[in-house]
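Given next are the chains, with one letter for each unit.
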Amino acid sequence: MKKPELTDVGWLGPSHEMDRASHHFGKCSVCEEIICVEKTVTDTPSTQPETDERLYETFRAHVKLKHSEDARPTDIIP
């Protein structure tokens, strides 16, 4: 099984005005599920580092739930 990676990362909103972007997203390279987080609100001028970290934390949780050895397939009925 190939290792899942976050691909096609981008922002929702006008590309020339990142201040107006509302969400950060990416796609799982294995199952092609879209991972999307709302832009983080901070007291600093740039919210990108915090929002990036939030996206990757969400992706790591996705990998753990859907692609780890311990994950149980949801489409198989016991």
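Residues numbered from 1 in each chain as written. Predicted model: local features only at pLDDT ≥ 70, side-chain atom pairs only at ≥ 80, totals over all residues. Heavy atoms only, no water.

1. Focus: the nonpolar core
Phase 1 of the analysis: Counting residues in each nonpolar core, the largest one holds 6 residues, listed as Leu6, Cys28, Ile35, Val37, Leu55 and Phe59.
Phase 2 of the analysis: In contact with valine 37, other than residues within four places in its own chain, are Ser22, His23, His24, Thr51, Arg54, Leu55 and Thr58. (Core = buried A, V, L, I, M, F, W, Y, C linked by side-chain atoms within 4.5 Å. Buried < 20%, exposed > 50% of the residue type's maximum accessible area, 1.4 Å probe, protein only. Contact = heavy atoms within 4.5 Å.)

2. Focus on the sheet that holds strand 3 (residues 34-38)
Phase 1 of the analysis: Taking strand neighbours across the sheet as the criterion, the 3 strands line up as 1-2-3 in an open arrangement whose pairing is antiparallel. Edge positions in the sheet fall to strand 1 (6-12) and strand 3, since each has one partner strand and no second. Strand-to-strand twist across the sheet, computed as the mean angle between neighbouring axes with direction ignored, equals 20°.
Phase 2 of the analysis: Each of strand 1, strand 2 (23-28) and strand 3 is contacted by helix 1 (residues 48-67), which is oriented at about 140° to strand 3, the strand it contacts most. (Pairing = 2+ DSSP bridges. Helix = DSSP H or I, 4+ residues; strand = E, 2+ residues; numbered from the N terminus. Axes fitted to C-alpha atoms, helices over the stretch in contact; angles between N-to-C directions.)

3. Here we look at the environment of cysteine 28
Phase 1 of the analysis: Along the polypeptide, cysteine 28 turns up in strand 2.
Phase 2 of the analysis: Linking cysteine 28 and valine 9, residues 19 residues apart in sequence, is a C-alpha distance of 9.9 Å.
Phase 3 of the analysis: Other than its neighbours up to four places away in sequence, cysteine 28 contacts Pro4, Glu5, Glu33, Phe59, His62 and His67.

4. Quick look at unusual backbone geometry
Phase 1 of the analysis: A positive phi is found at aspartate 8, a non-glycine position, where the angle reads about 50°.
Phase 2 of the analysis: By relative accessible area, which is 53% here, aspartate 8 ends up exposed.
Phase 3 of the analysis: For glutamate 32, which is not glycine, the phi dihedral falls at a positive 65°.
Phase 4 of the analysis: In this structure, glutamate 32 sits in the loop between strand 2 and strand 3.

5. Here we look at the pattern of salt bridges
Phase 1 of the analysis: Counted under the stated rule, the structure contains 3 salt bridges.
Phase 2 of the analysis: One salt bridge in this structure joins glutamate 53 and arginine 60, with 2.9 Å as the shortest N-O distance.
Phase 3 of the analysis: Taking relative accessible area as the criterion, glutamate 53 reaches 37% and is therefore assigned partly exposed. (Salt bridge = Lys/Arg side-chain N within 4 Å of Asp/Glu carboxyl O.)

6. A short note on the side chain of serine 29
Phase 1 of the analysis: Inspection of the secondary structure assignment puts serine 29 in the loop between strand 2 and strand 3.
Phase 2 of the analysis: From its side chain, serine 29 meets the backbone nitrogen of glutamate 5 in a polar contact 2.8 Å long. (Polar contact = N/O pair within 3.5 Å; in protein donor to acceptor, adjacent residues only side chain to side chain.)

7. Looking at the state of the cysteines
Phase 1 of the analysis: For the structure on display, the rule yields 0 disulfides.
Phase 2 of the analysis: Left unpaired, cysteine 28 is separated from the closest cysteine sulfur, that of cysteine 31, by 3.8 Å.
Phase 3 of the analysis: Classification of cysteine 28 as buried rests on a relative accessible area of 0%.
Phase 4 of the analysis: Classification of cysteine 31 as partly exposed rests on a relative accessible area of 36%. (Disulfide = S-S within 2.5 Å.)

All quantities given are derived from atomic positions and should not be read as evidence of function.
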